[in-house]
Amino acid sequence: MDKLRKIINNIEQTASEIVFIGDYVNKGKNSKRVVDYLLELKKNIKCVFLMGNHEYVWNSFLLGGTKYNEFLIKFGGIECLESYLGRNVSLNEALSILGKQEFVNNLFPDMHKEFFRTALPYYELDKFVCVHAGLNPEYKNESLSKHNAEEIVFIREKFIHSEFLFMGKRIIFGHTAFNRPYIDSYKIGIDTGAVYGKKNKLIALNVDGMTFIDHEGTTSTAEEYNDAEILFCNK
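Everything in this summary refers to the structure shown in the same document. All values reported here derive from a predicted model rather than from experimental measurement.

1. Structural notes on the overall build of the chain
So, step 1. A tally of regular secondary structure across the chain gives ten helices and twelve strands.
So, step 2. For 235 residues, the compact-globule estimate of 2.2 N^0.38 gives 18 Å, and the C-alpha radius of gyration of the chain, at 17 Å, lies within 12% of that figure.
So, step 3. Principal-axis analysis of the C-alpha atoms places the extent of the chain at approximately 50 × 40 × 30 Å.
So, step 4. The proportion of buried residues among the 235 residues of the chain is 49%.

2. Points about the packing of aromatic side chains
So, step 1. In total, this model carries 20 aromatic pairs according to the counting rule given.
So, step 2. An angle of 80° between the planes, with centres 6.4 Å apart, marks the rings of Phe159 and Phe164 as edge-to-face.
So, step 3. By relative accessible area, Phe159 is classed as buried at 1%.
So, step 4. Across from the ring centre of Phe159, 5.7 Å away, lies the NZ or CZ of Lys187, which sits over that ring.

3. Topic: the packing of helix α2 (residues 31-41) against helix α5 (residues 77-85)
So, step 1. Where α2 meets α5, the closest approach of the two axes is 7 Å, and the angle between their N-to-C directions is 70°. Here α2 is positioned roughly perpendicular relative to α5, judged by the angle of their axes. Of α5, the residues touching α2 (which contributes Ser31, Lys32 and Val35) are Cys80, Ser83 and Tyr84.
So, step 2. Looking at the contact of α2 with α5 residue by residue, the classes come out as three nonpolar, two polar and one charged.

4. Here we look at the nonpolar core
Across soluble globular proteins, nonpolar side chains show a tendency to be buried alongside one another.
So, step 1. If you look at the biggest cluster of nonpolar residues, it comprises 45 residues, and the most contacted ones within it are Ile8, Phe20, Leu38, Trp58, Phe108, Phe115 and Phe116.
So, step 2. Ranked by the residues each element gives to this core, the list is headed by α2, at six residues.
So, step 3. In contact with Ile8, other than residues within four places in its own chain, are Ile18, Phe20, Tyr37 and Leu41.

5. As for unusual backbone geometry
So, step 1. The backbone of Asn26 sits at a positive phi, close to 70°, despite the residue not being glycine.
So, step 2. Mapped onto the elements, Asn26 comes out in the loop between β1 (18-20) and α2.
So, step 3. Of note in this structure, Met210 is not a glycine but carries a positive phi near 50°.
So, step 4. Following the sequence through the fold, Met210 ends up in the loop between β9 (203-206) and β10 (211-214).

6. Points about the environment of Leu120
So, step 1. Here Leu120 lies in the loop between α8 (110-118) and β3 (122-124).
So, step 2. Classification of Leu120 by relative accessible area gives partly exposed; the value is 34%.
So, step 3. Sequence separation between Leu120 and Met51 is 69 residues; the distance between their C-alpha atoms is 5.4 Å.
So, step 4. Apart from residues no more than four positions distant in its own chain, Leu120 is found in contact with Val48, Phe49, Leu50 and Met51.

7. Thoughts on the pairing of β9
So, step 1. As judged from the four bridges shared by β9 and β10, these two strands associate in the antiparallel manner. Directly across from Ile203, in β10, lies its bridge partner Asp214.

8. Here's the deal with the packing of helix α1 (residues 2-11) against α2
So, step 1. Packing of α1 against α2 leaves a shortest axis separation of 11 Å and a crossing angle of 20°. As summarised for this structure, α1 and α2 are arranged roughly parallel, according to the angle between their axes. Crossing geometry of α1 relative to α2 is assigned as right-handed. Mapping the contact onto sequence places Leu4, Arg5 and Ile8 in α1 and Arg33, Val34, Tyr37, Leu38 and Leu41 in α2.
So, step 2. Across the contact of α1 with α2, the residue classes break down as six nonpolar, no polar and two charged.

Thresholds applied
- Residues numbered from 1 in each chain as written.
- Predicted model: local features only at pLDDT ≥ 70, side-chain atom pairs only at ≥ 80, totals over all residues.
- Heavy atoms only, no water.
- Helix = DSSP H or I, 4+ residues; strand = E, 2+ residues; numbered from the N terminus.
- Rg over C-alpha atoms; globule rule 2.2 N^0.38 Å.
- Buried < 20%, exposed > 50% of the residue type's maximum accessible area, 1.4 Å probe, protein only.
- Phe/Tyr/Trp six-rings, centres within 6.5 Å; stacked < 30°, edge-to-face > 60°.
- Lys NZ or Arg CZ within 6 Å of the ring centre and 35° of its normal.
- Axes fitted to C-alpha atoms, helices over the stretch in contact; angles between N-to-C directions.
- Parallel < 35°, antiparallel > 145°, perpendicular 65-115°, else oblique.
- Contact = heavy atoms within 4.5 Å.
- Nonpolar A, V, L, I, M, F, W, Y, C, P; charged D, E, K, R; others polar.
- Core = buried A, V, L, I, M, F, W, Y, C linked by side-chain atoms within 4.5 Å.
- Pairing = 2+ DSSP bridges.
- Left-handed = near helix turned anticlockwise from the far one by under 90°.

Shown next, in the form of structure tokens:
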């Protein structure tokens, strides 16, 4: 949460628009606070919220699905429940709560459920396409509306090891954490594992100047990065 506040303080005075790449929940004990903060932020600056796989999973659950219950237990759902309940939750209680659809629906404020529902699967800029995880190269010649929404928020290796521009545009993505921004001629990965340790940075990219800034205020250019290594492949 502190990293988020700091990076917004670093960029909000000069940014005309902020595109968030997804995963606002299930990343520690501040899920509710993060969503509250983002909802307040959008009152003051144009914000675009992309859907991450964690929003996708909760949205699916809130619409009555049970496919991702195990995912929620393994990958941050317990901490998310704790943030909305305001107390600790054991594994057994979390399993019980996820069996109570109406209870969970009432637990999330309406504005938060709308936030999950209305997060975008992709967002196009003049020279870039922004997505959470990536695009399937098998459909690189298909319109974005024809891409599978679940795949857009979950894809990993097939996309990372591919080489293609989407309709002539470079792809900006998150989901897979690298030790530094990932850059090649076709895509830019901006997830640097901020949630995985105090030393890991939260990164923003200024697409006009192709410069990065982290939550500590350090700036760098795209040319300064190469040979990024994957840090984490957690879901």
